[in-house]
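Survey of secondary and tertiary structure
The residues making up each chain are set out below.
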Amino acid sequence: MKIYAADLETTGLDFTTDSIICLGYYSPKDFGVLTDKTQIKQWLLDNQDSFLIWQNGKFDQKFIKKEFDLWVRNDFDTLLAASLLPEKPKSRALESLAAFYLGEPPWKEAALKQDIDTIKDYCQKDCQITYKLFEVEANLLRQANQDAFFHKYLMPLSSLLAQLEYSGIPINLNKLDWILFNNQNPNNLLKQITDLQTHLYTAYYPIISEYELKKLEQYKRPPCQKTIDTKIRFNFNSPDQKLWLLKNKLGLPCKDYKGKETVGKEVISEYIGEHPIIAELLSLSKITTQYEYLSSYKTLSRQGKLHTTFNLDVTRTGRLSSKEPNLQNVDTGKSIRSIFCAEPGKKLVIGDLSQIEARLAAHFSEDPLLISTFAEGIDFYSVLACALLGLTEDPKTLKVENPDARNFGKLVGLSLLYGIGNIKLINEIKINTGKKFSYREVEQFKTSFFNRFGGLRSLRKQAYAGALQNGYVQTLFGRKVFLDAKDAEHVAVNRIIQPSASDLCAFSQFWVLREAKEHGFKVEPLLLVHDEAIYQVEEKDAEGFAVLLKTVMEHGYKKYTDIQLKVPLGCDVFSGDDWSCKN
């Protein structure tokens, strides 16, 4: 089999609007750069069976699919290979990897000239360096015993994500406008922001007028201009101005646990109840952030679709992240999720692995009570909420009858499992539920939790000891997550469970697509969000595919891997015209 490193140079970073300038290829005995589109396509066709190496290959795959309607191979990605190694640079850019592993000096500045000869030279250099990195990284992967995981799971996942990025997910732009600023919607976000700012300005003008008067003097403006000059008017979204107000005028320290002055929500939320402005400022910040976030959808949408970019190498846990836009933190509210929709004549089918982190905690810890809870089909977070809050309600119905209590159980359970500190947990509970607990009460939660589930305490100790001894922890699929000794005690369990959950959801999609093809379903994978997978199918196939999706996400690992879980998996499946069908 021929082996080539390949690289594209493009007019920009957006495959929907930019185009290919040239393609470079390199092996020790055969290398070159092609600018003619016919020749580029022919080279790609001639090398469909070659072993192709890329740096951030998803990027190149999307451009090639758009221009030539070809999905090319991505057999080895030097960016992703580095993410699995114990020693790596903070940046995975090609120059950073080349400097770290090869000792290569920078060469990128020469490309800024942008003449075609310079671009071709730059492209050829990229290919040569990528090939050298492949030789080094392939050996390092073998030494780290990560080559099997890399080739069996990570590289196929990268190609699947390239398809998701290329396809994009449809959004309803009219509904987006309705939520953002449509005047016929009395609760549109822009109106909420304006109303809240007006209220704050009116209610607290006696205090903030002092600030504005100082600004008037600074800018030497007459008083009549203050209400229309944004440099003068008090900005309740400005961190500096909020700090001035809360610290100097209301006497609130606004310091984090390190003593640094800040108006972050985790700090100022401590003062909820001490002054009404705190809740109002937090509300304004949340609505403004949501408005700005959703507004980016309009800017980034292409022909009614959002094409996010998934990152497999950014988070420390190996979980997926995404950017432009970030679709990993879409608000769970019904109105926001209704923006994401199926195309006419089609339905969205969504699979959500239920309580997957808690189930994996049961598997790794072998805690008998946890295992029996899942074996009996009881909701773990409901059981925990009843125990911690002293509720007499039936855990089997709590999720429906008292969802706030169930959410409290989930927040506290995962926080305690992952070693969150008491002060931080107090703040998290206050921010997410509005409930205020003392340090002593939270300590009692912790004691009760680990007394009840002793296997989880043992898991934390074992994970920490293993991390100290080996310098890493290992996930369900064999991914090694390398840790610093100073971080190990607090994050070791997290680094086992979260990436295991993320990998299980992501890798399940290989099996879903394979089974769907065998059963004659034409499906389009659209999005992966933590423990959820979103597909688009023909309306007539929605019901049948939903059954298949649930079956494969719950049992597919038994057929396609050697993994033997000690607890059953659960997958909730939803189908509808848009993402809000899950609500």
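Scroll up to find the structure.
Cut-offs and rules
Residues numbered from 1 in each chain as written. Predicted model: local features only at pLDDT ≥ 70, side-chain atom pairs only at ≥ 80, totals over all residues. Heavy atoms only, no water. Pairing = 2+ DSSP bridges. Helix = DSSP H or I, 4+ residues; strand = E, 2+ residues; numbered from the N terminus. Salt bridge = Lys/Arg side-chain N within 4 Å of Asp/Glu carboxyl O. Buried < 20%, exposed > 50% of the residue type's maximum accessible area, 1.4 Å probe, protein only. Disulfide = S-S within 2.5 Å. Phe/Tyr/Trp six-rings, centres within 6.5 Å; stacked < 30°, edge-to-face > 60°. Lys NZ or Arg CZ within 6 Å of the ring centre and 35° of its normal.

**Considering the pairing of strand β3 (residues 30–34)**
Strand direction decides the pairing type here: strand β2 (residues 20–27) and β3, joined by five bridges, are antiparallel. Bridging from a neighbouring strand, serine 27 pairs with aspartate 30 of β3. Taken together, β2 and the strand that follows it, β3, pair antiparallel across an intervening segment of two residues.

**Description of the pattern of salt bridges**
A full pass over the atoms with the stated rule returns 25 salt bridges. A salt bridge links aspartate 578 to lysine 175; its shortest N-O distance comes to 4.0 Å. Here aspartate 578, found in the segment after β15 (571–576), pairs with lysine 175, found in helix α7 (residues 173–180); they are 403 residues apart in sequence, far enough to count as distant. Residue lysine 175 is classed as partly exposed on the basis of its relative accessible area, which comes to 30%. Residues lysine 566 and glutamate 366 are paired through a salt bridge, measuring 3.7 Å at the closest nitrogen-oxygen approach. Placement of lysine 566 in the loop between α23 (542–560) and β15 and of glutamate 366 in the loop between α14 (356–365) and α15 (368–375) is noted, with a sequence separation of 200 residues between them. For lysine 566, a relative accessible area of 40% corresponds to the partly exposed category. Because the salt bridges share partners, they merge into one network encompassing Lys305, Glu343, Lys346 and Glu524.

**Section: the state of the cysteines**
Scanning all chains against the criterion turns up zero disulfides. Just so you know, cysteine 22 is unpaired, no disulfide at all, and the nearest cysteine sulfur is the one on cysteine 123, 4.1 Å from it. Note on cysteine 22: relative accessible area 0%, which makes it buried. This cysteine, cysteine 341, is not joined by any disulfide, and cysteine 581 carries the nearest cysteine sulfur, 12 Å off. Taking relative accessible area as the criterion, cysteine 341 reaches 15% and is therefore assigned buried.

**Here we look at the packing of aromatic side chains**
To describe a pair of aromatic rings, you give the distance between the ring centres and the angle between the ring planes. Considering all chains together, one arrives at 37 aromatic pairs under this definition. Note on phenylalanine 76 and phenylalanine 134: the rings are 5.0 Å apart at their centroids and 80 degrees apart in plane angle, and the pair reads as edge-to-face. Separated by 58 residues along the polypeptide, phenylalanine 76 in strand β5 (residues 76–77) and phenylalanine 134 in helix α5 (residues 116–143) bring together distant segments of the chain. Comparing phenylalanine 76 with phenylalanine 134, the two get one shared label, buried. Arranged with centres 5.7 Å apart and planes meeting at 40 degrees, the rings of phenylalanine 408 and phenylalanine 437 form a pair that is tilted. With phenylalanine 408 in helix α18 (residues 403–417) and phenylalanine 437 in the loop between α19 (422–433) and α20 (439–452), the pair connects residues that are 29 residues apart, well separated along the chain. Assigned by exposure class, phenylalanine 408 and phenylalanine 437 land together as buried. Members of the aromatic cluster, joined through ring pairs, are Tyr26, Phe31, Phe51, Phe76, Tyr131, Phe134 and Phe150. Across the ring face of tryptophan 579, the terminal group of arginine 337 is positioned such that the distance to the ring centre comes to 3.9 Å.

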